[in-house]
Amino acid sequence: MIIAPSILSADFARLGAECDAVLAAGADMIHFDVMDNHYVPNLTMGPMVCRALREYGVSAPIDVHLMVEPVDSLIEQFAAAGATYISIHPDGTRHLDRSLTLIRDLGCRAGLVLNPAVPVAVAEPVLSRLDMLLLMSVNPGFGGQEFISYTLEKISSARRMIDSSGLPISLEVDGGIKVHNIADVARAGADTFVVGSEIFAASEYQSVVSRLRSEAQSAIL
Ligand code: DX5
Ligand code: ZN
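Because the structure is predicted, anything quoted here is derived from the model rather than measured. (Residues numbered from 1 in each chain as written. Chains lettered and ligands numbered in written order. Predicted model: local features only at pLDDT ≥ 70, side-chain atom pairs only at ≥ 80, totals over all residues. Heavy atoms only, no water.)

### What to know about the overall build of the protein
Tallying secondary structure elements over the protein gives eight helices and eight strands in all. Relative to a compact globule of 221 residues, whose C-alpha radius of gyration would be 17 Å, the protein shows 16 Å and is just as compact. When the backbone C-alpha atoms are referred to their principal axes, the protein occupies close to 45 × 40 × 30 Å. By the burial criterion, 56% of the 221 residues in the protein qualify as buried. A sequence separation of at least 24 residues applies to 63% of the contacts in the protein between residues at least 6 apart. When the accessible surface of the protein is split by element, carbon and sulfur atoms take 51% of a total near 9400 Å². (Helix = DSSP H or I, 4+ residues; strand = E, 2+ residues; numbered from the N terminus. Rg over C-alpha atoms; globule rule 2.2 N^0.38 Å. Buried < 20%, exposed > 50% of the residue type's maximum accessible area, 1.4 Å probe, protein only. Contact = heavy atoms within 4.5 Å. Areas by Shrake-Rupley, 256 points an atom, 1.4 Å probe, with all protein chains shown as cover.)

Okay, here's the thing in structure tokens:
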């Protein structure tokens, strides 16, 4: 089980220290939201910020979520900037297979992200290209939105699809995950949990990260 704090809700003026703090609090991976004011109506961080975090000393996996269109040149820039995972939306690229192949060719792990209204079946043809399937449980663009409950059904069906493929694909869920609902997300079959506002709004990260982990673990025992 992986807890991936989304630094979209961190203090951008202290980003390196915020990454250190959530990792020291027990988080596993940094979720890095890239928004281009085109694919989504918000503008965040680019590859220079990812590189700066690596140079600052962040050695944990960095999980780059590209909410951009087009994607291919940013895939190259993020691979060079030290990304571990690079995840893309199918409607962010004209040639999905080519973009996913590019991510792996550049030495990164490839993820496909599906918005709430996009069926899980979209991932089926490209499963062999994936290291991660990321299901959005909010509409992308902003932190702090409410979890869309119908996505639980999609998480279960993605879990069945991945299990029957026999492929080692992580199932990540992003948006609206809190201490009070992470157990439902785990029970539906997710193994990787993006959590933004719930962690960074807390005055102390360690207790919220451990509550998230124990809630998720209790659901799958
Ligand atoms: C939304 C982003 C999320 C967001 C999650 O477009 O992809 O990663 O930061 O934040 P919370 O946990 O606050 O919904
Ligand atoms: Zn995200």
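### Section: the site of ligand 1
Taken together, 20 residues lie around ligand 1, and Ser-6, Asp-33, Gly-141, Asp-174 and Ser-197 are the ones closest in. Contacts to ligand 1 include His-31, whose side-chain N or O atom sits 3.4 Å from an oxygen atom. Measuring from an oxygen atom of ligand 1, one finds a side-chain N or O atom of Asp-174 at 2.7 Å. When residues of the shell around ligand 1 are traced back to their parent elements, those giving at least two are strand E2 (30-35), strand E3 (62-67) and strand E8 (192-195). The biggest single contributor to the shell around ligand 1 is E2, with three residues. Along the lines of polarity and charge, the residues of the shell around ligand 1 split into eight nonpolar, ten polar and two charged. (Near = heavy atom within 4 Å. Polar contact = N/O pair within 3.5 Å; in protein donor to acceptor, adjacent residues only side chain to side chain. Nonpolar A, V, L, I, M, F, W, Y, C, P; charged D, E, K, R; others polar.)

In short, geometric facts, not functional conclusions.
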